[in-house]
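Results of the structural survey
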Amino acid sequence: MSGPSTYEPKTGFTRWMDQRLPIIRLGYDSFVDFPTPRNLNYWWTFGGILAIFLVIQIISGIVLAMHYVPHESMAFESLERIRRDVKFGWLIQSMHANGASFFFVAVYIHMFRGLYYGSYKAPREILWILGVVIYLLMMATGFMGYVLPWGQMSYWGAMVITNLIGALPFIGDAIREWLWGGFSVGQATLSRFFSLHYLLPFVIAAVVALHIWALHVPGNGNPVGIEPKSKKDTLPFHPFYTVKDGFAIIVYLIVFAAFVFFLPNVLGHADNFIPADPLSTPAHIVPEWYYLPFYAILRAITFDIGPIDAKLGGVIAMFGAILILFVLPWLDTSKVRSMRFRPVTRVFFILFVLACLGLGWCGAKNPDDLVFAIGHDAEGVATGFKFVWFAQLLTFYYFAYFLIVLPVMGLIEKPLDRPASIEAAVLGTAKA
Amino acid sequence: MKMTRIFVAALAALGLSGLAWAASSGQRAPEHHHWHNAGPFGTFDREAVQRGLQIYQEVCASCHSLDLIKFRNLGETGGPFESAEFPNANDNPIVMQIAAGYMIEDGPDDAGDMFERPGLPSDAFPSPFANPQQARGSNGGALPPDLSLIVKARSHGADYVRSLLLGYDEEVPEDVHVAAGQHYNPYFPGGLLAMASPLSEGIVTYSDGTEATMEQMSEDIVTFLTWAADPHMEARKQMGVMVLLYLFIFAILVYIAYRQIWANVKH
Amino acid sequence: MTEQNGALGEHGQEPSRRDFIYIAATGAAAIGGGLAIWPFIDQMNPAADTLALGSIRVDVSTVTDGTEITVMWRGGPVFIRHRTQAMIDEARAVPLGDLPDEASRNLNAGMENASAADENRVLRPEYLIVKGNCTHLGCVPLGIGADTGDYDGWYCPCHGSHYDASARIRRGPAPENLPVPDYYFESETTVKIGLSPDEAAQSGWVAS
């Protein structure tokens, strides 16, 4: 879609600049005159929202690092000093902590958007893969950031997650010790997590630049999944999508501000207001909400699979659940991008979204808790459908969606008739 | 739009799962209480915070530390002794007087010895015990937690602490065995804790003449502890109202601009 | 004709109404952005715990008979020296013309432009209170008990600056007298160093 540049420098300075470093031309072609499908809906605004939140996180994070002390015996107190004594520290800390959650909400919506509208299909495979890389980096950054306050949940969350590495055969213990820099989560771990938590956002920013580059070669996908064919199918990015994205960003910021100012701690965990104590484990270790589905998949594997024991099996399943996204463009055999024209697969997609949410629910619960009770056993203890079984069911569906539904449905489903072009779609059908 | 409906349903499901999560675990759910500082416009009842401070000093402080609270905090914006006359809390005579009532270890002096001096506004409330080991040793092995963040560090913080303080009168169920040095309280996880009921009718004599009932004292001390955990709450809410107001107006302006720009474009 | 007028009217009005919305929206963005930057700048200013140590109260009841103490204030030393009558007389006997720096170096209210006469350097003659960093390169000069230099004041060992009994520079590379911090006596024995503007105005410096 990125055709020949239409930029014409008008002043002496811009002409001079254009012959030396055509950065104004780049900006103009990418964000002003960039031809964008005219039918993008609000689900397409989350890319812009994510860019804003990356900036919010980096700026607030740099500021927090000016006051934070990455030391076992001072980290917790330094965070309280930020909240209590540093000017506007309470605000900046709340923005950063809640910002992480809002970043993940946006990235999940962005990803489900991509899944629904087939944004991963040719010629956008690299664009999709770069997105998965960003998501992985976000997971790592968020995990290490949650360790820094050095509260109980920070410490024990770090303990549980790093112990997963120990499940790897032969090299697990060595890698875990290397990661810890000691025999347990401790000062060395805290220092390196702080260093990496500072570094990774800039790596994310670099991959985001590649992501946008990869976006601007084929151009945006769109809800009908048909590539623009003529100028009538597109609009210049500015002012049409700057204003639309801008409006969406402000609405999202309203929700964000409501949390930052009025519910600053509801997305966190009470136990993280207790300083880390290696001698006492919280009753119920839960990761941040955005990891819960994967935590549920991890705990769903309670059985040995051949030579693989349950613990390693859980780790493989958890990482597999993310890594499978890398090969998604080649798993989906359908030539039709948008689920709008795939009535049966769309039902499977809805179930997939519900399965992800259900896995999140399972991740927050004790595996032995009951989803619903059926009766009582001989000792009067309630029996019923356990969360771990529910998680196993949903884990199966999670993988089945990628490994069975998408490959098979692409071959057997007869898609609905599609409009000839975006223009025809816009003008031809009344909106519901 | 199909996809919109899917996401709305999904978000609703997410909200429900959050609620279900909060309801788990064996202890009795804390009783809900209406707090003066609740809601987006709620402010601290200054007099309740002052009375709560008195309870902390006279009752809780014999076992529980309050490490994160400095005396100056009492006179800072949002604090119980905030005063327009003394914008610098260090000069607030009430703060100075409260601080001077404590002896603080300082030093070493020129001879290398530690010494005690009267507290200054910049000092924190001194801990009743020198270290956690001493605290455990003096309390039958149980460590009295620091109270600075107790309201944030428990789920349903304020309601939980209030329910716990009022929950000692309950009949011990038959299947619960209360060992020596333990006390039954249905609001505590597991039902048994080392702390005996810290409050009793009239255990403090309020300097402002308020009657020291159990209800009154529980509300006051929890209000004080809520302030201690979140001293900038009022500033936070005030700024929040302004920010939301601004964002709403900004959103309306941008929406009008959006409608104008897209007015003649079918999409 | 009516058609033409209508068209004109539209062209005449619509752009201005549009422009207004664009200007309002852009203005709102600029104002909001500008205000949002402030917390991120202000956070670098001294925090409340740092400010709480911006003023200190020092008990000088034990500083008597020509002794001196050094206290920490705002990250550096402050000398508090008790002066006997002989020391006061010595300081006051120095003619202004002998001083390399004839300014009071005293920023307390009313003293900003005074001369370096000893009367302008102290609030109460028996207590001399000055910041303890040499005005040359910031070393801490030696005093009573170590080396009071050639003028019975302080001696800076780094580059050999000599200060007199009023902490004025007399010889050596230091360009200025040791500066006087803002302070006042809250009571006979308590001196508060580091004042709010209100306190500074009432500190008593103007009267003396």
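Structure's up top.
A brief look at the structure comes next. Computed from a prediction, not measured in an experiment: that's the story for all the values here.

So, about the pattern of salt bridges. Throughout the structure, instances matching the rule amount to 37 salt bridges over all chains. E215 of chain B is the partner of R162 of chain B in a salt bridge, and the nearest nitrogen-oxygen pair spans 2.9 Å. With R162 of chain B in helix α5 (residues 157–166) and E215 of chain B in helix α6 (residues 214–229), this residue pair connects regions lying 53 residues apart in the sequence. Residue class for E215 of chain B comes out partly exposed when judged on its relative accessible area of 44%. In this structure, E176 of chain C and R105 of chain C form a salt bridge, with 3.7 Å as the shortest nitrogen-oxygen distance.

Turning next to the pairing of strand β6 (residues 161–164) of chain C. All names here are of chain C. Side-chain alternation along β6 places S161 and Y163 on one buried face and H162 and D164 on a second face that is also buried. Taking the residues between adjacent antiparallel strands as the criterion, strand β5 (residues 152–156) and β6 are bridged by four residues, where G160 takes a positive phi near 75°. Pairing of β6 with strand β7 (residues 169–171), which is carried by two bridges, proceeds in the antiparallel orientation. By the bridge assignment for β7, H162 is matched with R171. Hairpin connection between β6 and β7: a loop of four residues separates the two successive antiparallel strands, and A167 in this loop has a positive phi of roughly 60°.

This part is about the interface of chain A and chain B. Each side of the interface is counted separately: chain A has 53 residues, and chain B has 48 residues. Both sides of the chain A and chain B interface together cover about 4,700 Å² of buried area, and 76% of this is carbon and sulfur. With a closest N to O distance of 3.0 Å, R72 of chain B and D85 of chain A form a salt bridge. For the pair chain A and chain B, the number of links is five residue pairs in polar contact (both at pLDDT 80 or more). The biggest single contributor to the side of chain A that touches chain B is helix α10 (residues 237–262) of chain A, with 15 residues. In the side of chain A that touches chain B, the residues fall into 36 nonpolar, four polar and 13 charged.

Another aspect to go through is the packing of aromatic side chains. Applying the stated rule across the entire model yields 62 aromatic pairs over all chains. Taking 5.9 Å as the distance between ring centres and 85° as the angle between the ring planes, the aromatic pair formed by F46 of chain A and Y252 of chain A counts as edge-to-face. Taken as a pair, F46 of chain A in helix α3 (residues 46–65) and Y252 of chain A in helix α10 lie far apart in primary sequence, 206 residues in all. Neither residue differs from the other here; F46 of chain A and Y252 of chain A are each classed as buried. Between F352 of chain A and Y401 of chain A the ring centres are 4.5 Å apart and the planes differ by 20°, which places this aromatic pair in the stacked class. Placement of F352 of chain A in helix α14 (residues 343–364) and of Y401 of chain A in helix α15 (residues 387–412) is noted, with a sequence separation of 49 residues between them. According to the relative accessible area criterion, Y401 of chain A is buried, its value standing at 0%. Through pairs of rings, three or more aromatic residues link up here, namely W44, F112, Y116, Y117, F349, F352, Y397, Y398, F399, Y401 and F402 of chain A. A cation over an aromatic ring shows up here: K244 of chain A above the ring of Y42 of chain A, its NZ or CZ 4.7 Å from the ring centre. Lying over the aromatic face of W154 of chain C, R81 of chain C brings its terminal NZ or CZ to 3.7 Å of the ring centre.

About the thresholds
Residues numbered from 1 in each chain as written. Chains lettered and ligands numbered in written order. Predicted model: local features only at pLDDT ≥ 70, side-chain atom pairs only at ≥ 80, totals over all residues. Heavy atoms only, no water. Salt bridge = Lys/Arg side-chain N within 4 Å of Asp/Glu carboxyl O. Helix = DSSP H or I, 4+ residues; strand = E, 2+ residues; numbered from the N terminus. Buried < 20%, exposed > 50% of the residue type's maximum accessible area, 1.4 Å probe, protein only. Pairing = 2+ DSSP bridges. Contact = heavy atoms within 4.5 Å. Buried area = accessible area lost by both parts, 1.4 Å probe. Polar contact = N/O pair within 3.5 Å; in protein donor to acceptor, adjacent residues only side chain to side chain. Nonpolar A, V, L, I, M, F, W, Y, C, P; charged D, E, K, R; others polar. Phe/Tyr/Trp six-rings, centres within 6.5 Å; stacked < 30°, edge-to-face > 60°. Lys NZ or Arg CZ within 6 Å of the ring centre and 35° of its normal.

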